[in-house]
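Listed here are the chains, written in short residue letters.
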Amino acid sequence: MLKGKHLIEPFDFSLEELEQVFDLADGIILAPENYLDVCKGKILATLFYEPSTRTRFSFEAAMQRLGGQIIGFDDPNTSSAAKGESLSDTIRTIACYADVSVLRHPREGTAKLASKYTDMPVINAGDGGHQHPTQTLTDLLTIRKYHKEIKNLTVGVCGDLKFGRTIHSLVKALSRYENIHFKMISPEELRMPKYILEDLEDGSYEITDNLETSIGDVDILYMSRVQRERFVSEDEYQRLKDFFILDKTKMELAKEDMIVMHPLPRVNEISKEIDSDKRCIYFEQARFGMFVRMALIMKLLGVAIA
Ligand code: CP
């Protein structure tokens with residue numbers, strides 16, 4: 001039963017609950033006209049203390065396509081946070097007005113903290129370099145669409161594995177599925193945090209800094225942006241930002257049915273020259289993000305079509 005739950009990290013939902021969300025998203029994709037009014041009279045609040053395009057707009061579009069309404073801010077300086085209001089007071093206040101909330105914040109653990117002060121469902125839309133569970137819902141739905149089943153896959157995660165919260169959430173989520181092997185492709189300085197690796201089975205992952213020698217083995221290549229906003233040193237960012245650039249030459253080494261995913265936004269890590277390659281599905285992935293968020297909102301609010 002997902003009604004009333006918070007979503008702070010992927011493990012908050014069981015595999016069965018995830019399947020329920022994906023099955024509903026599939027139904028919405030097939031016949032969105034059946035869902036036009038299911039959230040009539042409901043309000044979604046978006047609290048974005050950090051910039052966003054996909055997450056905020058897809059949540060807002062999702063709620064509006066379900067017939068609900070939205071309130072919120074994308075600049076905390078326009079809220080009473082600028083006057084020193086605590087997050088706990090803000091979330092308790094928002095719960096007086098909204099039925100479900102979406103929170104993005106630069107500090108790790110903020111969504112978890114907020115969820116302790118309210119029964120209104122809190123959805124973590126990214127907390128610092130920690131987790132981004134609704135991107136993971138998007139990613140898993142996309143994998144289901146292209147590979148039919150989430151099992152027996154070699155998944156390359158490439159780029160900023162240290163600060164990339166979408167990658168942290170995805171690897172944690174995929175580790176629960178059958179026979180998933182990871183290739184963790186990053187420069188030494190941007191390796192996957194130990195707390196993620198410790199939860200993985202021995203032998204289920206390899207660590208490398210070589211994209212060329214890894215790309216031919218993977219079924220999914222999940223590229224990521226080097227997260228400039230998390231670096232203490234701008235010089236260090238400049239040194240590492242173009243460590244990997246996926247281009248035509250590297251794509252020639254990949255399998256014909258491999259897919260390239262990316263949570264977006266991208267900077268330089270995927271050359272635009274390969275956007276037209278049918279294996280590059282990152283904009284389709286962003287589209288699925290809206291449908292899976294529609295399904296998530298419906299499940300947390302406990303609404304269904306008649
Ligand atoms: N993928 C993602 O979180 O994108 P935004 O930062 O644009 O929301």
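Up top is the structure these notes are about.
Before going into details, it helps to say that this report is about the structure given with it. Counting restarts for each chain, with residues numbered from 1 along the sequence as it is written. It should be noted that, the model being predicted, local features are given only for residues of pLDDT at least 70 and side-chain atom pairs only at 80 or more, the latter also being counted only at that level, while totals for whole chains, interfaces and linings use all residues. Processing note: side-chain calculations cover all non-hydrogen atoms of the structure and skip hydrogens and water entirely.

1. Concerning empty space enclosed by the protein
Put plainly, a pocket is an open set of points on a 1 Å grid over the protein atoms alone with protein on both sides within 12 Å along at least five of seven lines, a cavity is a set where a 1.4 Å probe fits but cannot get out, and a lining residue has an atom within 4 Å of a point. Grid points are joined across faces, edges and corners, and a volume is the space filled by probe spheres set on the points. According to the stated counting rule, one finds four cavities of 30 Å³ or more in the structure shown. Computed from the structure, the largest cavity encloses a volume of approximately 60 Å³. Around the largest cavity sit G159, D160, P187, L190, S224, V226, L240, K241, F243, F244 and E269, which together line it. Just so you know the grouping, Ala, Val, Leu, Ile, Met, Phe, Trp, Tyr, Cys and Pro go in nonpolar, Asp, Glu, Lys and Arg go in charged, and all remaining residues, Gly too, go in polar. Classifying every residue of the lining of the largest cavity by side-chain character gives six nonpolar, two polar and three charged.

2. A look at the environment of K151
Secondary structure elements are taken from DSSP: a helix is a run of H or I of four residues or more, a strand is a run of E of two residues or more, and numbering for both begins at the N terminus. Considering the arrangement of structural elements, one finds K151 in the loop between α5 (133-147) and β5 (153-158). Sequence spacing of K151 and E178 is 27 residues, and the spatial spacing of their C-alpha atoms is 5.0 Å. Whether two residues are in contact is decided by their heavy atoms, any of which lying within 4.5 Å being enough. In this structure K151 touches E178, N179 and I180, once residues within four positions along its chain are discounted.

3. Some details on the side chain of T166
Looking at the element boundaries, T166 is found in helix α6 (residues 165-174). Contact partners of T166, with chain neighbours within four places excluded, come to H132, Q135, T136, Y222 and P263.

4. Regarding the site of the ligand
The full set of residues close to the ligand is S52, T53, R54, T55, R104, H132, Q135, P263 and L264. Whenever a nitrogen or oxygen atom comes within 3.5 Å of another N or O atom, the pair is scored as a polar contact, on the condition that within protein one atom can donate a hydrogen and the other can accept it, and that pairs from neighbouring residues in sequence are kept only if both atoms are in side chains. Q135 is positioned with one of its side-chain polar atoms (N or O) 3.0 Å from a nitrogen atom of the ligand. In isolation the ligand offers 260 Å² of accessible surface; the protein chains occlude 91% of this area. Occupancy of a cavity or pocket is assigned to a molecule whenever over half of its atoms lie within 2 Å of that pocket's grid points. Among the cavities detected, the one that contains the ligand is the largest pocket. Per-domain counts for the shell around the ligand show at least three residues from each of domain 1 (10-131 + 287-301) and domain 2 (134-286). Definition of nearness: a residue and a molecule or strand are near each other if at least one heavy atom of the residue lies within 4 Å of the molecule or strand. Reported accessibility uses the Shrake-Rupley method at a 1.4 Å probe radius. Residues are deemed covered only where the shown protein chains occlude them. These domain limits were set by an automatic method or by a database of domain assignments.

5. Things to note about the nonpolar core
We define a nonpolar core as any set of buried Ala, Val, Leu, Ile, Met, Phe, Trp, Tyr and Cys residues linked to one another through side-chain atoms lying within 4.5 Å. Residue burial is assigned from relative accessible area. The probe radius is 1.4 Å, only protein chains are included, and a residue is buried under 20% of its type maximum, exposed over 50%, and partly exposed in between. Residues L140, V157, V171, L174, M184, M192 and I297 are the most contacted members of the largest nonpolar core, which totals 61 residues. Not counting the four nearest positions on each side in its chain, L174 is found in contact with L140, I143, I150, V155, I180 and F182. Residues C158, I185, C280 and Y282 belong to the second largest nonpolar core, which totals 18 residues.

6. Side note on the sheet that holds strand β3 (residues 100-105)
At least two bridges found by DSSP between two strands is the condition for calling them paired. If you walk across this open sheet you meet the four strands as β2-β1-β3-β4, and the pairing is parallel. This sheet does not close on itself; its edge strands, each paired only once, are β2 (69-73) and β4 (122-127). Ignoring which end each strand starts from, the neighbouring axes of this sheet average 15° apart. Bridging between strand β1 (residues 43-48) and β2 involves five bridges; their strand directions are parallel. Residue pairing for β2: I43 is matched across the bridge by Q69. Packed on one face of the sheet, helix α3 (residues 87-94) meets β1, β3 and β4 and runs near 160° to β1. Lines fitted to C-alpha atoms define the axes, with helix axes restricted to the stretch in contact, and inter-axis angles between N-to-C directions lie between 0 and 180 degrees.

7. A word on the packing of α5 against α6
Between α5 and α6, whose axes approach to 8 Å, the crossing angle comes to 55°. Classified by the interaxial angle, the pair formed by α5 and α6 is oblique. Classified by chirality, the crossing of α6 by α5 is right-handed. Packed against α5, whose contacting residues are P133, Q135, T136, D139, L140 and I143, the element α6 presents T166, S169, L170, A173 and L174 at the interface. Geometric relationships in this document are graded by angle, where less than 35 degrees denotes roughly parallel, more than 145 denotes roughly antiparallel, 65 to 115 denotes roughly perpendicular, and other angles denote oblique. Crossing handedness is defined as follows: a turn of the near helix away from the far one that is anticlockwise and smaller than a right angle gives a left-handed crossing, while the clockwise case is right-handed.

8. Re unusual backbone geometry
In this model, L264 is joined to P265 through a cis peptide bond whose omega is 5°. Mapped onto the elements of the fold, P265 is located in the loop between β9 (259-261) and α11 (282-301). With a phi close to 70°, K148 is a non-glycine residue in the positive phi region. On the accessibility criterion, K148 (66% relative accessible area) is exposed. Backbone geometry at N179 places phi at a positive 55°, although glycine is not the residue there. Overall, N179 belongs to the exposed group, its relative accessible area being 51%.

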